[in-house]
Amino acid sequence: MLRTALRNVFAHKARLVMTALAITLGVAFVSGTLVFGDTVTRALRDASAKNLKDVAVSVQAASQRSSDSEADDARSTALTSDLADRVRAVPGVTSVRPTVNGSATLAAKDGRPLNADNYGQNLATNYSPDTPHSDRDSRFPVSAGRGPTTGEELALDRRTAEKAGYAIGDSVRFATNGPALTKKLVGTVDTDDPRVRAGGSLALFDTRTAQQLFLQEGRFDELAVGSAPGTDNQELTGRIRELLPANGITVTSGAQLAREQAERIAENTKELTRMLLGFAGISLFVGAFIIANTFTMLIAQRSRETALLRAIGALRRQVVRAILIEAALLGLGATAAGFALGTGIATALRPLLDASGLSLPDGPLVISTDTLLRALVVGVGITVLAAWLPSRKAAKVAPVEALNTVDQTPPKRSMVLRNSLGGLLTGAGVLTMLYVSTQKDGADTNLKAAGLGSVLTLTGVIVIAPLLSRPLIRLAGAVTTRLFGVSGKLARENALRNPRRTAATASALMIGLTLITGLSVTGSSTNAALKDAAVRGLTADYKVSNTGFAGLDPALGAKVAEVPGVAESVPVASSNLGARGKFAALTGADPQRLGRVSDLRFSSGSLADIGPGKIALSDQLAKDTGLSKGDTFQGTLGHGHKKELTVVGVYQQTRAVGGAVGTMGDVLPYANGGKLDSILVKAVSGRNTSGLDQDIRKALGNSPLLQVQNQDQLTKAQSGMIDTMLNMMYGLLGMTVVIGVLGVINTLAMSVFERTREIGLLRAIGLDNRGVKQMVRLESVVISLFGAAMGIGTGIFLAWACGSLTRSSLSQYEIVLPWARLGLFLLLGLAIGGLAAVWPARRAARLNTLRAINAQ
C-alpha cells in the first residue's frame, strides 16, 4: 500500500499542484511569521543587551510633581547630584552616568513638524561622556561632528538629521512643551533604540541643558553605574540600595534589568506574532477546504481502482492508510517549499522595513528548530486531517464496483443530515448574534458571545452551503442561459451537478470575503461615527492644540484673537470632574463666547445659565449620576479638590465639548499645569479661510508642537487609524482570498479531467472550442459569485449584530454600508471566476475529440 500511495502521488502530480500550492502558501505565512518574530526578538534583545553591557547597577527614579499646585507642571525626581556623588563613593563603582529623559518635537529644515503625529517617539536625553576626561558617550557613537557641550548646541541621530534635511552647523528648531527653541547642530550619532529605528527621532543635549528642559537642575531620571572587573554586582546592588532612600527610587542590577527588558521585548513581539498567526490560521483553514475537495474528487475518479484493490484483498484500514500516506507525502513536500518561501519572505521584510523608515537593529536571521517543527506539524497535520474524511469514504467502496464502467454516475447521497446540522448551527449562530445585537456595551461576556455566534453562523453557512447553492446558482444560471445560450445552460447544470463540491469550492472563497466584508462594514461605520463625533456640536473653523498634550499658555488666546481674519477666539480648558461616583471631562470656557463656536442642544437650561459654581451636564452624565437641572452636589475637580456645584442645564453629549461645561474660572485652576486644552477659532464670515491656519501658527511662534486643524483635518485625524488598520487587515486577509482562488482553479481543472469524455461528446455534436471555453468560464464565474454573495451577506449580518457593542463608547455608531466597496467585492468575485477559469478552459478546449470520447 505504501508503493500504491507513492505511485498515486507521482501519477496525479498535475492534479495536486494547486492543492500543494495552497498548503505552501499557508505554511509560508506561518513559518515566515515565526521566523520574522524570532528574528525581531533576537535583534531587539541584542540591541538592549548592548546598551546595558557596561551597566552593573541601574538606579531609576519615579517622576513627581515639583509642587502640589495644579498649575505647576514642572517635573522632578528624588535623584540628586548629591546622591550621584554618594553612589560614586561606593567601593567597586568605577563610573556613574546620570541620565535625563524627555521629549522634543523637531521642525524639519523646511519648517514642517517632524513626527507631529507620533509624539511618544520624539525622544530626547542628555549626552553624558563616559568619564570626566572624555568627550565620548558609548551609548551614542558619533557618526559625524561631536557631542553637545554647551546650552546652545544639540546633536541628532543620523536618521533624524537626514529625514529633517539638517547638516552639521545648521540651526535646529524644536519644542519640548512650550514655545519653539533653536540650537546649533554640532554632531550626529548612531543608535539602536528600537523606537528611533521605527521612525522616531532622538535629540541630545548637554546634561545641564537637558535638566533645564525636562527636569530641574541637579535632578536625574536614572544613574547607570559601572563596576570594576570581578565585582559581585548583586552585592553592589544591595550596598547601593541601602545607601539611597527607598521612596521613589528603584535600584536594579544590570543583569536583572536586561532580563526584564528581554521579557518585555519577547512579550511585545509575541503579541504581533499571535495576531499574524491568527491570520495564517484562517488561510490554512481555507486551504483545508481545497485539500478535502481535491481528495474527494481524486477518490471519486479512482473508485474503480480502489474497488480493484479491495477485490484483491486490501482491507479498509489499508485503503485509509494509503490515502493518508499520500496526503502526508503531499503535505511534506508542500511544507518544505512553504518553509523555504516563508524564510525568504522573512529575509525580504528587513530591507522593506528599512526602505519604509521602520528599520530594525542589525542581527542574524533566526531559524529555530521549534519553528521548523511547528511548520512541519501544521503543514503535514492539516493535509492529513483534511484528507481523513475522503479516505474513509474511499474505504467504503465495495469490491464489486470494479466491474462497473468508469462512466457510471455515482449514486447521490442524501443531504438531509447535513442540511439539518447546518440549519441547527446557522439557527444557533443567528439567535446568538440577535442576542448580541441587543447588548449595548463591549463587556467580556458580550464579546465572548459575539465570537461564539460568529463562529456558529459561519460554520452553519458552510455546512448548509450545498442547500443554498441550488436556488442561488439557478438564479445566476438563468442569467447566463439568457445571455450565452447553450454554454450558459451547460455551465449552470455543471455547477448544480455536485452541490457538495460546488459548496466546498465556494466556501473557500466565502470565508475570506466574509471577514473582509465584516471589517469593511465595521470600519466604515466606525469611521462615520468618529467623524461625526469629532465635529458634532462644533461650529468653529479651526481648533488650535498641542500635539504633546502639554496644553497651551492661556495668554495665547488673546494672540489668536488679534490675527486678521479671526472673528472669535475661544480658549478652552478641561479638568476631571467626579460626580456621585462617576467621572467625566469638565470643559471650561466663557459660556457666551463658547456659544459662537459650538452648537450645543439643551434639553433644559442654556449656556447663558452657566456661571461660577454653576455647570451644565451632558445627557449621558446626567443619566449616569441621576442629576438634573436645579440639583446641587459635591463635585471633585482635578486631583481631589472638592467644590459645591449646581446643575443649571442638560445638553446632548458631544465629544467636542465633553461631559460637562463650566466657566473658565472654575476649571482652569484644576487643569493640567494650569494650561488650556485648546483654542476654538471662528473665521470672519465670508472670508476665504485659506492660509488662516498658517497665520495663526506664525502668531503663536510656529512651534513644532502647535497643531491648527480645520474640521476636515479633525475628522481625518479621528478616522486615519481606522483606515490604516483596515488596509493592514485587507493585506493579511488577501492570502485567504488567493488560496480561495486556487481552490476554484483546482476544482475546475479536476472537473475538466473528470468530464473529459463528456466534453469530447459535446465537441462531437457541434460545440466548438469557443463554446467549451465559455462553458468552463461561466461555471467558474457562477461558483465564484455564489461564494462572493454568501461571503458578503454573512459579513454584513455579523458586522450589524456586533455593531451594538460599540455604542456604549461611541454613541453615534450606526451601521453604514460602504456600497462602492461592497460592489467592488462582488466585481472581485466576478473577476476571480474569470481568471480562475483561464487555464482549465484552455485545457478543456485543447482536448482531442476522438481521444476524449475514448477516454477511460
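That block above? That's the structure.
Structural notes, computed from the coordinates.

Calculation criteria
- Residue indices follow the written sequence of each chain, beginning from 1 at its first position.
- Only residues with pLDDT of at least 70 are given local features in this predicted model, and only at 80 or more are side-chain atom pairs given and counted; all residues enter the totals for whole chains, interfaces and linings.
- As a convention, hydrogens and water are excluded, and side-chain values are obtained from all of the structure's heavy atoms.
- Going along the chain from the N terminus, every DSSP run of H or I of four or more residues is numbered as a helix, and every run of E of two or more is numbered as a strand.
- Each residue is placed in one exposure class: buried if its accessible area under a 1.4 Å probe, protein chains only, is under 20% of its type's maximum, exposed if it is over 50%, and partly exposed if it falls in between.
- Contact between two residues is taken to exist if any of their heavy atoms lie within 4.5 Å; hydrogens are not considered.
- All accessible-area figures derive from a Shrake-Rupley calculation using a 1.4 Å probe, and residue coverage is judged against the displayed protein chains alone.
- Working convention for charge: Lys and Arg count positive, Asp and Glu count negative, and His plus the chain ends are omitted.
- For the purpose of locating charges, the reference atoms are NZ of Lys, CZ of Arg, CG of Asp and CD of Glu.
- Each pair of strands is called paired provided DSSP finds at least two bridges between the two strands.
- The axes used here are C-alpha line fits, helices contributing only the stretch in contact, and every angle between their N-to-C directions lies in the interval 0 to 180 degrees.
- Here, a salt bridge means any side-chain nitrogen of Lys or Arg that lies within 4 Å of a carboxyl oxygen of Asp or Glu.
- A residue counts toward a patch only above 30% relative accessible area and without a salt bridge, and it is joined to like-charged neighbours within 9 Å or, for Val, Leu, Ile, Met, Phe, Trp and Tyr, to nonpolar neighbours within 5 Å.
- Stacked, edge-to-face and tilted labels apply to pairs of Phe, Tyr and Trp rings (six-membered ring for Trp) whose centres lie within 6.5 Å, assigned for plane angles under 30 degrees, over 60, and everything in between, in that order.
- Polar contacts, as used here, are pairs of N or O atoms within 3.5 Å; protein pairs need one atom able to donate a hydrogen and one able to accept it. Residues neighboring in sequence count only if both atoms are side-chain atoms.
- Working definition of a nonpolar core: buried Ala, Val, Leu, Ile, Met, Phe, Trp, Tyr and Cys residues. They are joined through side-chain atoms within 4.5 Å.

1. Observations concerning the overall build of the chain
Reasoning step 1: Looking only at helices and strands, the chain has 26 helices and 26 strands in total.
Reasoning step 2: Reported as C-alpha extents along the three principal axes, the dimensions of the chain are approximately 100 × 75 × 45 Å.
Reasoning step 3: Expressed as a percentage of the 856 residues in the chain, the buried residues total 50%.
Reasoning step 4: Taking all contacts inside the chain whose residues are at least 6 apart in sequence as the whole, residues at least 24 apart take part in 81%.
Reasoning step 5: Within the structure as shown, the chain displays about 38,900 Å² of accessible surface, and the carbon and sulfur contribution to it stands at 58%.
Reasoning step 6: Taken as two groups, the 91 positive and 66 negative side-chain charges of the chain have centres that lie 16 Å from each other.

2. Here's the deal with the sheet that holds strand E5 (residues 93-99)
Reasoning step 1: Strand order in this open sheet of 4 strands is E5-E15-E1-E16, and the pairing throughout is antiparallel. Edge strands, defined here as strands with exactly one partner in the open sheet, are E5 and strand E16 (249-253). Each adjacent strand pair in this sheet contributes to an overall mean axis angle of 15 degrees, direction not counted.
Reasoning step 2: Pairing between strand E1 (residues 57-61) and E16: 5 bridges, direction antiparallel. Bridge pairing links Val59 to Val251 in E16.
Reasoning step 3: The sheet contacts of helix H7 (residues 233-243) involve E1, E5, strand E15 (222-227) and E16, and relative to E16 the element is tilted by about 170 degrees.

3. A closer look at the environment of Met433
Reasoning step 1: Within the secondary structure, Met433 is located in helix H12 (residues 416-437).
Reasoning step 2: When its relative accessible area of 0% is taken as the criterion, Met433 is described as buried.
Reasoning step 3: Sequence-wise, Met433 and Thr547 are 114 residues apart; in three dimensions their C-alpha atoms are separated by 40 Å.

4. Section: the pairing of strand E13 (residues 201-205)
Reasoning step 1: The buried fraction of E13 is high, at 5 of 5 residues.
Reasoning step 2: Here E13 shows no split at all, with Ser201, Ala203 and Phe205 on one side and Leu202 and Leu204 on the other all buried.
Reasoning step 3: Note: strand E8 (residues 122-126) against E13, 5 bridges, orientation parallel. For Ala124, the partnering residue across the bridge sits in E13 and is Ala203.

5. Concerning the pattern of salt bridges
Between side chains of opposite charge, a pair can form when the charged atoms approach closely.
Reasoning step 1: In the structure shown here, the tally under the stated rule is 18 salt bridges.
Reasoning step 2: Salt-bridge contacts for Arg112 lead to Asp110; the nearest nitrogen and oxygen are separated by 3.0 Å.
Reasoning step 3: With a relative accessible area of 57%, Asp110 lands in the exposed category.
Reasoning step 4: The partner of Glu235 in a salt bridge is Arg239, and the shortest N-O contact between them spans 3.2 Å. One end of the pair is Glu235 and the other is Arg239, both in helix H7 and 4 residues apart, which spans about a single turn.
Reasoning step 5: Relative accessible area serves as the criterion here: at 47%, Glu235 is assigned to the partly exposed category.
Reasoning step 6: Since its relative accessible area comes to 30%, Arg239 is described here as partly exposed.
Reasoning step 7: Via salt bridges that share partners, Arg97, Asp130, Arg136, Asp137 and Arg139 belong to a single interconnected network.

6. Some details on unusual backbone geometry
Reasoning step 1: Of note in this structure, Arg580 is not a glycine but carries a positive phi near 50 degrees.
Reasoning step 2: Relative to the helices and strands, Arg580 is located in the loop between strand E18 (566-579) and strand E19 (582-588).
Reasoning step 3: If you check the backbone angles, Asn702 has positive phi at about 50 degrees while not being a glycine.
Reasoning step 4: In this structure, Asn702 sits in the loop between helix H20 (692-699) and strand E26 (706-710).

7. Some points on a nonpolar patch on the surface
Reasoning step 1: Taken together, the side chains of Leu332, Leu373 and Leu376 make up a nonpolar region of the molecular surface, amounting to roughly 250 Å² of accessible area.
Reasoning step 2: Mapped onto the fold, Leu376 is located in helix H11 (residues 369-395).
Reasoning step 3: Residue classification places Leu376 among the partly exposed residues on the basis of a relative accessible area of 34%.

8. Considerations on the packing of aromatic side chains
Reasoning step 1: Under the criterion given, the structure shown has 5 aromatic pairs.
Reasoning step 2: Their ring planes at 90 degrees and their centres at 5.3 Å tell us that Phe285 and Phe289 sit as a pair that is edge-to-face. Here Phe289 and Phe285 lie together in helix H8 (residues 254-301), a separation of 4 residues that amounts to about one turn.
Reasoning step 3: Classification of Phe285 by relative accessible area gives partly exposed; the value is 46%.
Reasoning step 4: A connected cluster of aromatic rings, assembled from ring pairs, spans Phe174, Phe205 and Phe214.

9. Quick notes on the environment of Leu83
Reasoning step 1: Relative to the assigned elements, Leu83 resides in helix H3 (residues 81-88).
Reasoning step 2: Using a relative accessible area of 7% as the deciding quantity, one classes Leu83 as buried.
Reasoning step 3: For the pair Leu83 and Leu244, spaced 161 residues apart in sequence, the C-alpha to C-alpha distance is 7.3 Å.

10. Description of the side chain of Thr125
Reasoning step 1: Looking at the element boundaries, Thr125 is found in strand E8.
Reasoning step 2: Given a relative accessible area of 5%, Thr125 falls into the buried group.
Reasoning step 3: A distance of 2.8 Å separates a polar atom in the side chain of Thr125 from the backbone oxygen of Val100.
Reasoning step 4: Within the structure, Thr125 has its side chain in polar contact with the side chain of Asn126 (distance 3.3 Å).
Reasoning step 5: If we ignore the near neighbours within four places in the chain, the residues touching Thr125 are Thr99, Val100, Asn101, Arg139, Phe140, Leu202, Ala203, Leu204 and Phe205.

11. Describing the pairing of strand E12 (residues 181-189)
Reasoning step 1: Inspection of the sheet shows strand E9 (residues 142-145) paired to E12 by 3 bridges, in the antiparallel sense. Within E12, the residue paired with Gly145 across the bridge is Gly187.
Reasoning step 2: Both strand E10 (residues 153-157) and E12 contribute to a ladder of 5 bridges, which runs parallel. Its bridge partner lying in E12, Ala155 is registered against Gly187.
Reasoning step 3: With 4 bridges connecting them, strand E11 (residues 171-175) and E12 associate as antiparallel partners. By the bridge assignment for E12, Ser171 is matched with Lys184.
Reasoning step 4: Hairpin remark: E11 followed by E12, antiparallel, with 5 residues in the connecting loop.

12. Notes on the nonpolar core
Reasoning step 1: By size, the foremost hydrophobic cluster in this structure holds 49 residues, and its most contacted members are Phe279, Ile462, Ile473, Met510, Ile511, Ile739 and Met790.
Reasoning step 2: If you list the elements that add at least two residues to this core, you get helix H2 (17-51), H8, helix H13 (444-484), helix H14 (486-497), helix H15 (499-535), helix H21 (711-754), helix H23 (769-803) and helix H24 (819-836).
Reasoning step 3: It is H21 that contributes the most residues to this core, 10 residues altogether.
Reasoning step 4: Residues Ala78, Ala84, Val96 and Val251 belong to the second largest nonpolar core, which totals 40 residues.

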